[in-house]
Amino acid sequence: MNKEITIYDLLGLIKDGKAPKIVKWEDYIFSFYNDDYLCKNEDFVKNRETNYLLCYLFSLPESALNIKVEILEEDKSIIEKIKINKYHFHNTNHSKLLKNQEILEAKLNEIIEFLSRKEDK
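Because the structure is a prediction, the values reported are computed rather than measured. (Residues numbered from 1 in each chain as written. Predicted model: local features only at pLDDT ≥ 70, side-chain atom pairs only at ≥ 80, totals over all residues. Heavy atoms only, no water.)

## Concerning a nonpolar patch on the surface
Right, on to step 1. On the surface, a nonpolar cluster with roughly 490 Å² of combined accessible area is contributed by Ile82, Leu104, Leu108, Ile111, Phe114 and Leu115.
Right, on to step 2. Following the sequence through the fold, Phe114 ends up in helix H4 (residues 94–120).
Right, on to step 3. Look at Phe114 and you get partly exposed, because its relative accessible area is 44%. (Patch = residues over 30% accessible without salt bridge, like charges linked within 9 Å, V, L, I, M, F, W, Y side chains within 5 Å. Areas by Shrake-Rupley, 256 points an atom, 1.4 Å probe, with all protein chains shown as cover. Salt bridge = Lys/Arg side-chain N within 4 Å of Asp/Glu carboxyl O. Helix = DSSP H or I, 4+ residues; strand = E, 2+ residues; numbered from the N terminus. Buried < 20%, exposed > 50% of the residue type's maximum accessible area, 1.4 Å probe, protein only.)

See below:
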């Protein structure tokens, strides 16, 4: 899912540690590196003093904050562990249901941990 955001919004993502790894601006691809976006395309570097996107955009006379870039990666949703409300069921088989809930919670959290490790790779 590609989506366009402004440089202002991109700076917020960088500040929060959620910077997208790859963005596109004016047909150039940039990779996140050292709190900026590095372009390895020699055509981009040829006509500019830098190959870093933010450094270049903020050197322009006009405001860079409203310039749009395209995020070229899918958003990875962060899956949080779950905690099942153990007091939800009021039943004669309360202890059996409570034990089943604990097993279900443990298994679901194992799956969440496995998926989180796969996302990190």
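So, next bit.
## Some remarks on the packing of aromatic side chains
Right, on to step 1. Under the criterion given, the structure shown has six aromatic pairs.
Right, on to step 2. Measuring from centroid to centroid gives 6.4 Å for Trp25 and Phe44, while their planes differ by 85°, and the two rings are edge-to-face. A residue pair is termed long-range when its members are at least 10 positions apart, and Trp25 in strand E2 (residues 22–25) and Phe44 in helix H2 (residues 42–46) qualify at 19 residues.
Right, on to step 3. Take Trp25: its relative accessible area is 8%, and that puts it in the buried class.
Right, on to step 4. The buried category is assigned to Phe44, whose relative accessible area is 0%.
Right, on to step 5. Through a chain of ring-to-ring contacts, the aromatic side chains of Trp25, Tyr28, Phe30, Phe44 and Tyr56 assemble into a single cluster.
Right, on to step 6. The ring centre of Tyr56 lies 4.9 Å from the NZ or CZ of Arg48, which sits over that ring. (Phe/Tyr/Trp six-rings, centres within 6.5 Å; stacked < 30°, edge-to-face > 60°. Lys NZ or Arg CZ within 6 Å of the ring centre and 35° of its normal.)

## Concerning the pattern of salt bridges
A side chain with one charge may pair with a side chain of the opposite charge, provided their charged atoms come close.
Right, on to step 1. For the structure on display, the rule yields two salt bridges.
Right, on to step 2. With a shortest N-O distance of 3.5 Å, Asp43 and Lys46 are connected by a salt bridge. With Asp43 and Lys46 both in helix H2, this residue pair falls three residues apart, about one helical turn.
Right, on to step 3. Accessibility expressed as a relative area gives 62% for Lys46, which makes it exposed.

## Structural notes on the environment of Lys40
Right, on to step 1. Secondary-structure assignment places Lys40 in the loop between strand E4 (36–38) and H2.
Right, on to step 2. Judged by its relative accessible area of 72%, Lys40 is exposed.
Right, on to step 3. C-alpha separation for the pair Lys40 and Phe30, spaced 10 residues apart in sequence, amounts to 7.5 Å.

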